[in-house]
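# Structural characterization, general
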Amino acid sequence: MVYYYSLRYGAKIRAPHALVMTFLFRGGSLKDKLRAIVKATYTHSRNLACFVFTYKGLQALQHSVQGKTLQSHSFLAACVGGWLVFGDNNNINSQINMYLLSRILFGLSRLAVEKGFIPQPKHDPFPLFATLVWGIVLWLFEYYPHTLQPSLQSSMNYLYHDSNTWHDITDFLIFNKPRTR
């Protein structure tokens, strides 16, 4: 049952994203695009299901061996599952791991305030966060684009470079790319 729920959740998350990104940025025939969407959805769903199965199994094993549940059990089970399932460096795993990293940084910041390691900010730190995120990503894109993930490079190219070329209204309605003569 856990495996089924994980597969279903992965498909609900990945399929719409793959559909949009594939039709926006991927070339090829309709068949190639559909194949890419199914492959991305399958990979995401399968990996998530395998991770959940591994994590819950290792949690249960540790509880069975020690007779109680410890915070370290969650960390160790997730580390093993992360290494086995999400340790392969591919586009799907890279995207999932980066998504989680952003959520982890927010969570650790809140925990640091909660535990008193850093003081409660007097003002909302989100504007500073947004300032730094956008400043850094555009600096990287303009001067070191090879350091960014390919899908982010594609999005940035579309927004900041391809938009410099304008032919007619079809550029706005379809997809503006420099035309070759």
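The numbering scheme is per chain: residues are counted from 1 as the chain's sequence reads. With pLDDT at 70 or above as the cut-off, local features in this predicted model cover only qualifying residues; side-chain atom pairs require 80 or more to be listed or tallied, and sums for whole chains, interfaces and linings still use all residues. Computation of side-chain values covers all heavy atoms of the structure but excludes hydrogens and water.

The line we're drawing: UniProt positions are given in the numbering used here, feature names are shortened, and annotations may be inferred rather than shown by experiment.
With an unreviewed UniProt entry as reference, the protein is termed Peroxisomal membrane protein 4, source organism Takifugu flavidus. Under the UniProt heading Sequence similarities (unreviewed entry), the entry covering the protein gives this text: "Belongs to the peroxisomal membrane protein PXMP2/4 family." Recorded under Subunit (unreviewed entry), the UniProt text for the protein is reproduced unchanged: "Interacts with PEX19."

## Some thoughts on the overall build of the protein
Keep this limit in mind: Only runs of H or I of at least four residues qualify as helices and only runs of E of at least two qualify as strands under DSSP, and these elements are numbered from the N terminus. Just to be clear, the radius of gyration here is over C-alpha atoms, and the globule rule we use is 2.2 Å times residues to the power 0.38. Categorising residues by exposure relies on relative accessible area from a 1.4 Å probe, with only protein chains included: less than 20% of the type maximum marks a residue as buried, more than 50% marks it as exposed, and the intermediate range marks it as partly exposed. Residue contacts are defined here by distance: any two heavy atoms, one from each residue, within 4.5 Å place the two residues in contact. For the purpose of charge, His is not counted, nor are the chain termini; Lys and Arg are scored as positive and Asp and Glu as negative. Where a charge sits is defined by one atom per residue type, namely NZ (Lys), CZ (Arg), CG (Asp) or CD (Glu).
What the protein contains, in helices and strands, is seven helices and zero strands. Counting from the amino terminus, helix and strand elements in the protein follow one another as α-α-α-α-α-α-α. In summary, the protein has a C-alpha radius of gyration of 21 Å against a globular reference of 16 Å for 181 residues, an excess of more than 25%. Its C-alpha atoms give the protein principal-axis dimensions of about 70 × 50 × 25 Å. The burial tally for the protein puts 22% of its 181 residues in the buried class. Considering only contacts in the protein between residues 6 or more positions apart, those separated by 24 or more positions represent 44%. Of the side-chain charges in the protein, 18 are positive and 8 negative, and the distance between the mean point of each set is 12 Å.

## Section: the layout of surface pockets
With a probe scaled to a water molecule rolled over the atoms, the places where space remains empty come into view. Rules: For each structure, a 1 Å grid was placed over the protein atoms alone; sets of points admitting a 1.4 Å probe that cannot get out are labelled cavities, open sets with protein on both sides within 12 Å along at least five of seven lines are labelled pockets, and lining residues have an atom within 4 Å of a point. Grid points are joined across faces, edges and corners, and a volume is the space filled by probe spheres set on the points. Residues are grouped as follows: Ala, Val, Leu, Ile, Met, Phe, Trp, Tyr, Cys and Pro are nonpolar; Asp, Glu, Lys and Arg are charged; every other residue, Gly included, is polar. Residue ranges labeled as domains rest on an automatic or database domain assignment.
Estimated volume of the largest pocket: approximately 1,100 Å³. Looking at the largest pocket, it is lined by 32 residues, and the ones nearest its centre are S102, L105, F106, F129 and V133. Residue assignment for the lining of the largest pocket shows that the elements contributing at least two residues are α1 (2-25), α4 (91-114), α5 (126-143) and α6 (150-161). For the lining of the largest pocket, the leading source of residues is α4, giving nine residues. Along the lines of polarity and charge, the residues of the lining of the largest pocket split into 21 nonpolar, nine polar and two charged. Counting only domains with at least three residues in the lining of the largest pocket, you end up with domain 1 (1-120) and domain 2 (123-180). In this structure, the second largest pocket spans a volume of roughly 650 Å³. Lining the second largest pocket are 22 residues; nearest its centre among them are T22, R26, A40, N91 and I92. Contributing elements (two or more residues each) for the lining of the second largest pocket: α1, α2 (30-66), α4 and α6. Counting residues per element, the lining of the second largest pocket draws most heavily on α2, at seven residues.

## Digging into the packing of aromatic side chains
Test applied: Stacked, tilted and edge-to-face are the three classes applied to pairs of Phe, Tyr and Trp rings, where Trp contributes its six-membered ring and a pair requires centres within 6.5 Å; stacked means planes under 30 degrees apart, edge-to-face means over 60, and tilted covers the rest.
Applying the stated criterion to the full structure yields seven aromatic pairs. Ring centres of F51 and Y55 lie 6.0 Å apart, and the angle between their planes is 10 degrees; on these two criteria the pair is classed as stacked. On the criterion of helical spacing, the pair formed by F51 and Y55 is a turn pair, its members being four residues apart in helix α2. Taking the centre distance of 4.8 Å and the plane angle of 80 degrees together, the rings of F106 and F129 count as edge-to-face. Remark: F129 occurs in helix α5 and F106 occurs in helix α4; sequence separation between them is 23 residues.

## Remarks on the side chain of S155
Position of S155 among the secondary structure elements: in helix α6. Look at S155 and you get buried, because its relative accessible area is 19%. What S155 contacts, discounting residues up to four positions off in sequence, is M21 and F25.

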